[in-house]
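Letter by letter, the chains look like this.
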Amino acid sequence: MLKMKDVCKIYRTDTVETHALRGFSLAVEDGEFVSVTGPSGSGKTTFLNIAGLLEELTSGVYELDGRDISALNDKERSRVRNEKIGFIFQSFNLIPELNVFDNVDVPLRYRGFDAKERERRIMSCLERVGLASRPKHFPAQLSGGQQQRVAIARALAGEPRFLLADEPTGNLDTHMADSVLDLLKEINEAGTTIIMVTHELTLADRANRNLFVRDGEIHDEPPELHLAAAATA
Amino acid sequence: MDIGPIWRAMLRNKAGFVLIALQVAVTLTIVVNAFGIIQERAGRIARDSGVDEANTFAFASVLFTDYEREQRKVLIDEDLDLIRNVPGVVNAVASNSFPLRQGGWSMGVALEPGNQTPESVGTAIYFVDEHGAETFDVTVIDGKNFTPEQVTWSLEDDNTWPAYGIITEALGKEMWPDDAGSYVGKTMYINDNDPVNIVGVIDTLQAPWESWTGVERSMLVPQRRPSEFVRYIVRAEPGMRDKLMPEIEAMLAASNKDRIIRDMTTMDDVRKLAYVGDTALIKILGFIVVLLTLITALGIVGLASFNVSRRTRQIGIRRALGATRPSIVRYFLIENSIVSAIGLVVGSALAIGLNIVMVEAFSLEPLAWYVIPAGVIALWAVGQIAVAEPARRASNISPAIATRSS
Ligand SMILES: Nc1ncnc2c1ncn2[C@@H]1O[C@H](COP(=O)(O)OP(=O)(O)OP(=O)(O)O)[C@@H](O)[C@H]1O
Ligand SMILES: [Mg+2]
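Residues numbered from 1 in each chain as written. Chains lettered and ligands numbered in written order. Predicted model: local features only at pLDDT ≥ 70, side-chain atom pairs only at ≥ 80, totals over all residues. Heavy atoms only, no water.

### Quick look at the interface of chain A and chain B
Each partner contributes to the interface: chain A provides 26 residues, whereas chain B provides 29 residues. Each partner contributes to the roughly 2,500 Å² buried at the junction of chain A and chain B, and carbon and sulfur atoms together form 53% of this total. Per-residue buried area on chain A facing chain B is highest for Glu 97, Arg 109 and Tyr 110 of chain A; these three make up 28% of the total on that side. Seen at the junction of chain A and chain B, the total is seven salt bridges. The partner of Glu 97 of chain A in a salt bridge is Arg 310 of chain B, with the nearest N and O atoms 3.5 Å apart. Looking at the side of chain A that touches chain B, the elements with two or more residues in it are α1 (44-51), α2 (74-84) and α3 (100-111) of chain A. Tallied by class, residues from the side of chain A that touches chain B come to ten nonpolar, seven polar and nine charged. (Contact = heavy atoms within 4.5 Å. Buried area = accessible area lost by both parts, 1.4 Å probe. Salt bridge = Lys/Arg side-chain N within 4 Å of Asp/Glu carboxyl O. Helix = DSSP H or I, 4+ residues; strand = E, 2+ residues; numbered from the N terminus. Nonpolar A, V, L, I, M, F, W, Y, C, P; charged D, E, K, R; others polar.)

So, in C-alpha cells, the structure goes:
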C-alpha cells in the first residue's frame, strides 16, 4: 500500500522556485494498476520519482507499506528501492556495457543473492519477457521493444511489490507498445502493483484506475475528461 | 565480489584501462629499480666511518719557511700540546689522513715476507701516536692501544716499517679468516719484509676512500712524520666544535708565524663532499620516483573522472536499482584494483627483468625480496587513493538522473 498525504515538491534553482507537486494526496492499494496522465510539466515524473524514492519530498507524508519514508537514511532508501520497487523508464536505461544477463543481474547483486539464486531469477524473468534466448546480447544489439522487455525483466527480477513505469511505451511503436502493455497487465494480474505514467489515453484506459495530474495537483478522473481539459487549456 | 560484471564492462571499453595499466607497469618497473639504487646508495652513506663525525674537525699546518727536521718535530709537539690543552678538546692527533677524505696512504700486507704477492691484502694506513685511538673515536676491542714507547718518529733515509700495528677487525678477518677474534699477537709483513706485530684490534675505522671495496680495512701505525705539511685532527666535546675551530685556528696562527693554517673543515663537510655524487643520485632518483608516481596518480584520477562523467546516467540507474553510495564507490575501487593488478603483474615481471639487466651491466646488488611487493602495495594504494575522489563524486549522483535525462 502506497499512501501520500499533502506531499509538496519544490525545485529551487537560483532564480525560480517550481512547485512541481502541490498538496499531493493519494492512496494506491495493493494489486492496483494505476495510470497517470497529464500535460507535459504537470508533475507526473516528479510524483513517480518521489513514489520510487529517487527524490526526496519537500513536505508532506509518504508511507510505503505503512512505513514513513522521510525517516529513512540513504542506505535504507536504497534498500527499499532494491527490494520493493521496480522501475521501467521511457528510454529503457539498460547499461550499455553489460549484456542482457548482466543487466538483469544488477539489482540482484545489490540484493546480495548468491550466484545460483541470481541465475535462476534472471533466466526465469527473461523467460517471462520472452528473451531467454538472448542473455549474451548487448543492448545495442536489440530492438527498442526487446530492450524494454529486458528492462522489465530487470525490474521484475527482485520480485518487487511495486512497479513504477514512466512512459514505458513512449519510445515504442504501437505494436510494441501493445505487447509491452500486455506484459504489464500480466504482471499486474500476478499481484504486482503498477503505477504507469503515459501520454497514450488508449493505454491509460487499460489500467484499473486513472489519475490525472495538472499543475502539480492530482485528480482521480477517467482519461476521457483529460481530453476536454487539455482542449480547454 | 562484483568482479565479474565489472571486468566484462571494462572489456567493452578497453583503451583507457590498457593505457593506465601500462602506465602502472612502467611506473612500478622504474620506481622499484630506482628505489633499489637509492637503497644501495643510502646504505653506503649510512656506513659508520668510525669517527665521531659530529664533533671532529681537521686542518693542515703548512710551513713556508725552511725548518730542520728537529725544528719540525718541536713544532708538531708544541702544536699538539697547545691543542690538547684547549678546554673543550677531547683529543687531537697529527695524521696523514682520515676517513672519507678521499686521499690517503695504502699498503699491501701479507702473511709471509717477500715480494708483494697477489695474495697480499690492501689496507689504509693512518700514522698516529697513542692519542690516535681516542681522537678517531675507535674502541680497542682486543689487545691494547699503543704505549708512548711504541710511538717513534720516522727516520730520514730509513724506510723500515714500525714493528707494531693496530688493525680493524675487517682487516684481521681478511688476513686470517679462520681465526676470528684472535688477531692480537699475530705477525704480518708489510713493505715486503718488515714484520708488523698486531698489538690491538679496533672495531670500525674506514679507509679514506668510501668507494673502495676494502673501505673497512685500515691500520693504525705508531709513527710520527715531521714533514712541512702536517694534518691535524681534533675531536671536540659535544657542542664545542664550531666554537673551537676559529679559536684553534687563531691560536696556532699566532703561536708560529712561519706557517699557515688551512683546509679547516668539519667531518660533516668531509662526509658531504665524499658522498656528493651519491646524494645527488638519490635526489634525482627520488624525484623521478615521486614524479612518475604523481603522473600515474593523475592518469588514474583523469580516467576515473572521465568514466564518472561518461557513466553519469548508468550510475543514476544503478542507484535507482538499489545501489547504495558505498557500493558505487566500491565499483570504482574494484575497477581500479583490476587495472592496477594487471599493471602490477606486468610491472613486476618488467621490474625483475630490468633489475637483472642492471645487476649485470652495473654490478649492482639485486633488489631485496621485499622491494617489489612493497612497490606493488604502494602503487595499489596510490591507485585507490587517486580513484577515491572521483568515486565519491560518482556516489553523489542522484538516482533521479534515471528518469530526468533521456
Ligand atoms: N530537477 C529539477 N529542477 C528544477 N525543476 C524541475 C526539476 N525536475 C522537474 N522540474 C520541473 O518540475 C515540473 C514538473 O516536472 P515533471 O518532470 O514532473 O513533469 P512531467 O509531468 O513528467 O512532464 P512530461 O510529461 O514532459 O514528462 C516542471 O515544471 C519541471 O520543469
Ligand atoms: Mg515526465
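More follows now that the structure is in view.
### A word on the nonpolar core
Among the nonpolar cores identified, the biggest contains 71 residues, and Met 4, Phe 24, Phe 47, Tyr 62 and Ile 195 of chain A are the most heavily contacted of them. It is helix α10 (residues 325-362) of chain B that contributes the most residues to this core, eight residues altogether. Those residues within four positions of Tyr 62 of chain A in sequence are excluded, and the remaining contacts are Leu 2, Lys 3, Met 4, Ile 50, Ala 51, Leu 53, Leu 57, Arg 67, Asp 68 and Ile 69 of chain A. In terms of nonpolar packing, the next biggest core, distinct from the first, is built from 34 residues, Val 100, Ile 152, Ala 177 and Ile 194 of chain A among them. (Core = buried A, V, L, I, M, F, W, Y, C linked by side-chain atoms within 4.5 Å. Buried < 20%, exposed > 50% of the residue type's maximum accessible area, 1.4 Å probe, protein only.)

### So, the sheet that holds strand β13 (residues 259-266) of chain B
Residue and element names in this part refer to chain B. Reading across the sheet, the four strands line up as β2-β12-β1-β13 and stay open at both edges, with antiparallel pairing between neighbours. The two strands at the open ends of the sheet, each matched to only one other strand, are β2 (89-95) and β13. Taking each pair of neighbouring strands and ignoring which way they run, the sheet shows an average axis angle of 20°. Where strand β1 (residues 56-63) lies against strand β12 (residues 229-236), seven bridges are found, and the strand directions are antiparallel. (Pairing = 2+ DSSP bridges. Axes fitted to C-alpha atoms, helices over the stretch in contact; angles between N-to-C directions.)

### Brief notes about the environment of Leu 28 of chain B
Residue and element names in this part refer to chain B. In this fold, Leu 28 is placed in helix α2 (residues 14-46). Judged by its relative accessible area of 0%, Leu 28 is buried. Separated by 323 residues in sequence, Leu 28 and Ala 351 have C-alpha atoms that sit 6.9 Å apart. When residues no more than four places from it in sequence are discounted, the contact partners of Leu 28 are Leu 344, Gly 347, Ser 348, Gly 375, Val 376 and Leu 379.

### As for the site of ligand 1
Near ligand 1 lie 13 residues; those nearest to it are Ser 40, Lys 44, Thr 45 and Thr 46 of chain A together with Arg 404 of chain B. In this structure ligand 1 sits where residues from chains A and B come together. For ligand 1, an oxygen atom lies 2.5 Å from a polar atom in the side chain of Ser 40 of chain A. Between Gly 43 of chain A and ligand 1, the recorded distance is 3.0 Å, taken from a backbone N or O atom to an oxygen atom. Across the complex, the protein chains shield 66% of the 640 Å² of accessible surface that ligand 1 would expose by itself. Elements supplying a minimum of two residues to the shell around ligand 1: β2 (17-28) and α1 of chain A. With three residues, α1 of chain A is the largest single contributor of residues to the shell around ligand 1. Class assignment for the residues of the shell around ligand 1 results in three nonpolar, eight polar and two charged. (Near = heavy atom within 4 Å. Polar contact = N/O pair within 3.5 Å; in protein donor to acceptor, adjacent residues only side chain to side chain. Areas by Shrake-Rupley, 256 points an atom, 1.4 Å probe, with all protein chains shown as cover.)

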